[in-house]
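# Per-entry structural report
One-letter residues, chain by chain:
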Amino acid sequence: MGRRLKGGQMIDRQRCVTSRLSIALSLRSGSKARSLLLPLAALAFAQGGYRSALAADDFSLEQKRPSIKADRSQEDWSLLADPKRRNEPLDRLKYIPLFPSNPDSYISLGLNLREIFEVSDAPAFGIVPANPRDSYWLQRAQFHIDVHLNENWQLFTQFEDVRAFDKTVIGPNDANRFDLRLAFIGYTQETDAGTFRARVGRQDFAFDLERFVSVRDGPNVRQAFDAVWAGWETDAWRFYGLVSQPVQYRDDNPFDDRSSGDVLFSGARVERQLSPTIEASAYYALYQRKDATFLAASGEEDRHVLDIRSAGKYAGFDWDAEAMGQVGQVGSADILAWAVGARTGYTFEDVPWSPRIGLQFDVASGDRDARDGMLGTFNPLFPNGFYFSLGGHTGYANLIHLKPSITVQPTDDLTLIAGVGLLWRQTTQDAVYTLPSVPVAGTAGSGPTWTGAYAQVKTDYRFNPNLTGSLEAVHYQVGSALRNAGGHDSNYVRAELKYSW
């Protein structure tokens, strides 16, 4: 919410799996990959080349250019009111003055384009016959118009066209032909005591590492909310409140996305900056859904949520720990659910490549007795698609998750990550869940707690400030609970290019 809401971070058989899937990637992508990626790469590298040709006298100005942010509505291009700072092609479209007498009054245009090729040989562990082995191309194109009437008022509109090519099963997270993604009016007023901010309309918001409230950037279609929120910020404190309806996505016709009172999410949040590198936060939220279905209960869902979190860095250590409790009702059943998640690590800053040794730990409750009138299955609300891995094998419900990892950075622009995740169920009476919170058929009430293990390797590279790329490979080795339900080992590879202007 506001400026403080952020959007977030091997088995021997893996070598064989990665090699085999890499071959599949090169064979299946073929001419389509080249035809989609070459214009994107040419545009980005042309901008990069233009920057490298800037005169030395302009270097200091170039260093002060506004940066492109994950939340494009937070960008401030008013510095380009000075013509000397307009050093890149199309800068005249990044700053179009409205009232020449006021440099804070302008229109800024922008573009996001993301191309993804994915291979998955066993979606949902191969248990769903209608969702077979697949390889496909995903494309997301977004265009925005950011109008700043003055230093206080902002009108932000973003359109998108999201496509899935050659995908066997296309869901609401995969495709959304030309539609309105964001459209809101924002107000900001700075005073000596602090800053007041408010937004009304269709917008993004995300909390912290996006464990439970996210913009859902991993899947092809992001999650937006039709919402009203307001906040007060000082140097040390931030207070926010919101009322929202999550957007429900359709792909039948252009401009057919809607939200409704069938799903409501509202709450209040407080954040405290304890030191320059340490922060704490807490929030209360009410999640309401008219037609909820769980294995042990169904009906109208009223879920009260209390969340606390601490995050920071100190002397090479970093951490992000969060706990959430949930009470309420689903139909006639009472809710009592909880979750705890933590990521911690230590970075050897004086060692070449700055290696970071990390450990991730997550626990989420499951339902221990389907007949006791108490629902213990944790609801992860609006989880992101990359907190565990982009393979979508793991949902944040009824699980115990332990993941050691290592991250190295050979250059400022290249990051390499490798990790091994170990998974158990919190209770065998509940199911194994995949992303976002889908129970795997045949797993509830049978088999051991051991769910399986996965190996993950990921590479992120920044070609220039406008173009980034990543490659991720995941091998999931199922445990007996999944194998007895008809599941089998799964391999997943994802290659991504992302351009922002």
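Residues numbered from 1 in each chain as written. Predicted model: local features only at pLDDT ≥ 70, side-chain atom pairs only at ≥ 80, totals over all residues. Heavy atoms only, no water.

## A few points about the overall build of the chain
Of regular secondary structure, the chain possesses 4 helices and 22 strands. Across the 501 residues of the chain, 49% fall into the buried class. For the chain, the accessible surface area stands at approximately 22300 Å², while carbon and sulfur atoms represent 59% of it. (Helix = DSSP H or I, 4+ residues; strand = E, 2+ residues; numbered from the N terminus. Buried < 20%, exposed > 50% of the residue type's maximum accessible area, 1.4 Å probe, protein only. Areas by Shrake-Rupley, 256 points an atom, 1.4 Å probe, with all protein chains shown as cover.)

## Regarding unusual backbone geometry
Cis geometry is found at the peptide bond from L435 to P436, where omega equals 0°. As for its placement among the helices and strands, P436 is situated in the loop between β18 (433-434) and β19 (438-439). A positive phi angle, near 55°, is found at R216, a position not held by glycine. Of note, R216 is situated in the loop between β6 (195-203) and β7 (225-233). Given the relative accessible area of 14%, R216 is considered buried.

## Notes on the nonpolar core
Generally speaking, a soluble globular protein has its nonpolar side chains buried in company with each other. By size, the foremost hydrophobic cluster in this structure holds 47 residues, and its most contacted members are F265, Y283, F378, L381 and Y396. Not counting the four nearest positions on each side in its chain, F378 is found in contact with F212, R303, M324, Q326, A337, W338, A339, A364, S365, Y396 and A397. Listed in part, the 8 residues of the second largest apolar core include V162, A224, V247 and Y249. (Core = buried A, V, L, I, M, F, W, Y, C linked by side-chain atoms within 4.5 Å. Contact = heavy atoms within 4.5 Å.)

## Observations regarding the pattern of salt bridges
A complete count under the given rule lists 32 salt bridges for this structure. Residue R494 is joined to E118 by a salt bridge in which the shortest nitrogen-to-oxygen separation is 3.0 Å. You can see R494 sitting in strand β22 (residues 490-500) and its partner E118 sitting in strand β2 (residues 106-120), a full 376 residues away along the chain. Like R494, the residue E118 is buried in the burial classification. One salt-bridge network, held together by shared partners, links E118, R140, R181, D204, D217, R222, R494, E496 and K498. (Salt bridge = Lys/Arg side-chain N within 4 Å of Asp/Glu carboxyl O.)

## Things to note about the pairing of strand β12 (residues 317-330)
The alternating pattern of β12 places D318, D320, E322, M324, Q326, G328 and V330 on a buried face, while none of F317, W319, A321, A323, G325, V327 and Q329, on the opposite face, is buried. Summarising the sheet, strand β11 (residues 298-314) and β12 pair through 14 bridges and their orientation is antiparallel. Bridge assignment links S310 to a residue of β12, and that residue is A321. The antiparallel hairpin formed by β11 and β12 contains 2 residues in its connecting segment, where A315 sits at a positive phi of about 50°. With antiparallel pairing between neighbouring strands as the criterion, β12 and strand β13 (residues 333-347) make up a hairpin whose turn holds 2 residues, including G331 at a positive phi of roughly 60°. (Pairing = 2+ DSSP bridges.)

## Overview of empty space enclosed by the protein
Taken as a whole, the largest cavity holds about 90 Å³ of empty space. As for the largest cavity, its lining consists of 14 residues, of which T394, L399, V432, Y433 and T451 are closest to the centre. A class-by-class count of the residues in the lining of the largest cavity yields 8 nonpolar, 5 polar and 1 charged. Lining the second largest cavity we find 13 residues, and of these N384, Y387, F388, T394 and L435 sit closest to its centre. Of the residues in the lining of the second largest cavity, the class split is 6 nonpolar, 6 polar and 1 charged. (1 Å grid on protein atoms, 1.4 Å probe; cavity = no way out; pocket = protein on both sides within 12 Å on 5 of 7 lines; lining within 4 Å. Points joined across faces, edges and corners; volume = space filled by probe spheres on them. Nonpolar A, V, L, I, M, F, W, Y, C, P; charged D, E, K, R; others polar.)

## Here we look at the pairing of strand β17 (residues 414-424)
With 8 bridges joining them, strand β16 (residues 399-411) and β17 adopt antiparallel strand pairing. Within β17, the residue paired with H401 across the bridge is L423. In sequence, β16 turns back onto β17 through a hairpin of 2 residues. Bridge count for β17 against strand β20 (residues 450-464) is 11 bridges, and the pairing is antiparallel. Of the residues in β20, the one forming a bridge with L422 is A453.

## Describing the confidence of the model for the chain
Mean pLDDT over the chain works out to 89, with 87% of the residues at or above the 70 mark. Across residues 1-39, confidence stays below pLDDT 50; counting only partners more than four residues off in sequence or on other chains, it has 81 contacts. In the predicted structure, residues 41-46 sits below a pLDDT of 50 and forms 7 contacts with residues beyond four places in sequence or in another chain. (pLDDT = per-residue confidence, 0-100.)

## A few points about the side chain of D146
In this fold, D146 is placed in strand β3 (residues 134-148). Although D146 lies buried, it forms no salt bridge, and the closest oppositely charged side chain, R72, sits 8.2 Å away as judged by the N-O distance. A distance of 2.8 Å separates the side chain of D146 from the side chain of Q154, its partner in a polar contact. Ignoring anything within four residues of it in the chain, the contact list for D146 reads R72, S73, E75, Y106, I107, S108, Q154, L155 and F156. (Lys, Arg positive; Asp, Glu negative; His and termini not counted. Polar contact = N/O pair within 3.5 Å; in protein donor to acceptor, adjacent residues only side chain to side chain.)

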